Amino acid sequence: LEQWRDLAIRPSAEDCHMDDRPMLELEVDNVKLLGQKCDEARREMNQHLVPHDGPYEHLLIPALSQIPLAGQGLFFASQSDHTLPAHTELCYYWGHLHNFQSSR
């Protein structure tokens, strides 16, 4: 669904979930409906993920990045001057992976 929405690559009927096949019958792609279907699929997949509550997750906050045009990021907000060792896993991210073009 995401390739269909983002890249306008229509799947074949065989590659399309049976609930989504009626959208193949539309002459013009309904981008809003595709977006809704992508969100529904993401929510359904996320319900089946094993929760990973790490020791630092309560110290992570979403905030606007200082990188121009980057949008929001997830930042470590320590209550003190605490530093973390290199390669420390802070959390697991289950959202969309973006590059510069797809994040717009």
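Just above, that's the structure.
Thresholds, definitions, all that
Residues numbered from 1 in each chain as written. Predicted model: local features only at pLDDT ≥ 70, side-chain atom pairs only at ≥ 80, totals over all residues. Heavy atoms only, no water. Helix = DSSP H or I, 4+ residues; strand = E, 2+ residues; numbered from the N terminus. Buried < 20%, exposed > 50% of the residue type's maximum accessible area, 1.4 Å probe, protein only. Contact = heavy atoms within 4.5 Å. Areas by Shrake-Rupley, 256 points an atom, 1.4 Å probe, with all protein chains shown as cover.

Across its full length, the chain carries 2 helices and 2 strands. Along the chain, helices and strands appear, N-terminal first, in the series α-α-β-β. Burial analysis of the chain (104 residues in total) assigns 12% to the buried set. At a minimum sequence separation of 6, the contacts of the chain that also span at least 24 residues come to 35%. Here the chain displays about 8,800 Å² of accessible surface, and carbon together with sulfur accounts for 55% of that area.

Now for the environment of I61. Residue position: I61 is located in strand β1 (residues 60-64). A relative accessible area of 40% places I61 in the partly exposed class. For I61 and A77, which are 16 residues apart along the polypeptide, the C-alpha to C-alpha distance reads 6.7 Å. The contacts of I61, once residues within four sequence positions are left out, are G73, L74, F75 and A77.

Moving on, we get to unusual backbone geometry. Negative phi is the rule for most residues except glycine; trans is the rule for most peptide bonds. Here the phi dihedral of A8 falls at roughly 60 degrees; this positive angle occurs in a residue that is not glycine. Along the chain, A8 falls in the loop between α1 (2-7) and α2 (31-46). The backbone of H87 shows a phi angle near 70 degrees, a positive value even though the residue is not glycine. Structurally, H87 can be placed in the segment after β2 (72-76).

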